[in-house]
Amino acid sequence: MREIKFRFNPEQLILGETASRTRAPEPTGKQARTLSLEMFLDSSSCDVMDQLNFLMDCCSPTPGSVKAKRPSPPWVRIEWGRAALATFNAYVTQAGGQLTKFDNDGTPTHAIVSVTLEEIGEQ
């Protein structure tokens, strides 16, 4: 299992829930929570492109899940501070980055990464 520790706290977290209602006689069902956040990466604490590529790869099915004919992206666990609302098991539904500074040779040194996660619950 790979762990990413971000050096800087996110400026904000966006946490959401939705519910669905069907017209059939089924009860209203609560949908999974989502969490969206932006993170700042800089080359003093990590390889910016390595971490950005790792996060974007989390949107792709794992080789094991493809082989089992049940494609699924990897599960991740996010933990941030003491905010229990931001600690849950999830999968990455969207990831991308804006590269903002570069070395003289073009190597990215700073990036703002946006990630959206969807909770998978306790399984």
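The rules we used
- Residues numbered from 1 in each chain as written.
- Predicted model: local features only at pLDDT ≥ 70, side-chain atom pairs only at ≥ 80, totals over all residues.
- Heavy atoms only, no water.
- Helix = DSSP H or I, 4+ residues; strand = E, 2+ residues; numbered from the N terminus.
- Buried < 20%, exposed > 50% of the residue type's maximum accessible area, 1.4 Å probe, protein only.
- Contact = heavy atoms within 4.5 Å.
- Areas by Shrake-Rupley, 256 points an atom, 1.4 Å probe, with all protein chains shown as cover.
- Polar contact = N/O pair within 3.5 Å; in protein donor to acceptor, adjacent residues only side chain to side chain.
- Arc of directions from axis to C-beta.
- Pairing = 2+ DSSP bridges.
- Core = buried A, V, L, I, M, F, W, Y, C linked by side-chain atoms within 4.5 Å.

S.K.: Got a sec to walk through the overall build of the chain? Specific residues and values, please.
M.R.: Counting its secondary structure elements, the chain contains two helices and seven strands. Listed N to C, the secondary structure of the chain is β-β-β-β-α-α-β-β-β in terms of helices and strands. Within the chain, the proportion of its 123 residues that are buried is 26%. Contacts in the chain between residues far apart in sequence, at least 24 positions, make up 56% of those at least 6 positions apart. By element, 49% of the accessible surface of the chain is carried by carbon and sulfur atoms, the whole surface being about 8800 Å².

S.K.: Account for the side chain of Asp 42, naming residues and giving values.
M.R.: Here Asp 42 is to be found in strand β4 (residues 34-42). Separated by 2.6 Å, the side chains of Asp 42 and Ser 44 make a polar contact.

S.K.: Summarise helix α1 (residues 48-57); cite the residues concerned and give the values.
M.R.: Within α1, the full set of buried residues consists of Val 48, Gln 51, Leu 52 and Leu 55. For α1, the angular spread of the buried residues around the axis is 100°, confining them to a single face. On its buried side, α1 packs onto β4, β6 (88-102) and β7 (108-119). Two to three positions downstream of the cap, the backbone nitrogen of Met 49 sits 3.1 Å from a side-chain oxygen, assigning the N-cap of α1 to Asp 47.

S.K.: Explain the pairing of β7 to me, using residue names and the numbers behind them.
M.R.: Strand direction decides the pairing type here: β4 and β7, joined by nine bridges, are antiparallel. Within β7, the residue paired with Leu 35 across the bridge is Leu 117. As paired strands, β6 and β7 are joined by eleven bridges and run antiparallel to one another. Of the residues in β7, the one forming a bridge with Gly 96 is Ser 114. Hairpin remark: β6 followed by β7, antiparallel, with five residues in the connecting loop; positive phi at Gly 106, about 95°.

S.K.: An account of the nonpolar core is needed here, citing residue identities and associated values.
M.R.: In terms of nonpolar packing, the biggest core is built from 19 residues, with Leu 55, Val 113, Val 115 and Leu 117 touching the most fellow members. Within the residue set of this core, elements represented by two or more residues are β4, α1, β6 and β7.

Shape is all these values report; function is a separate question.
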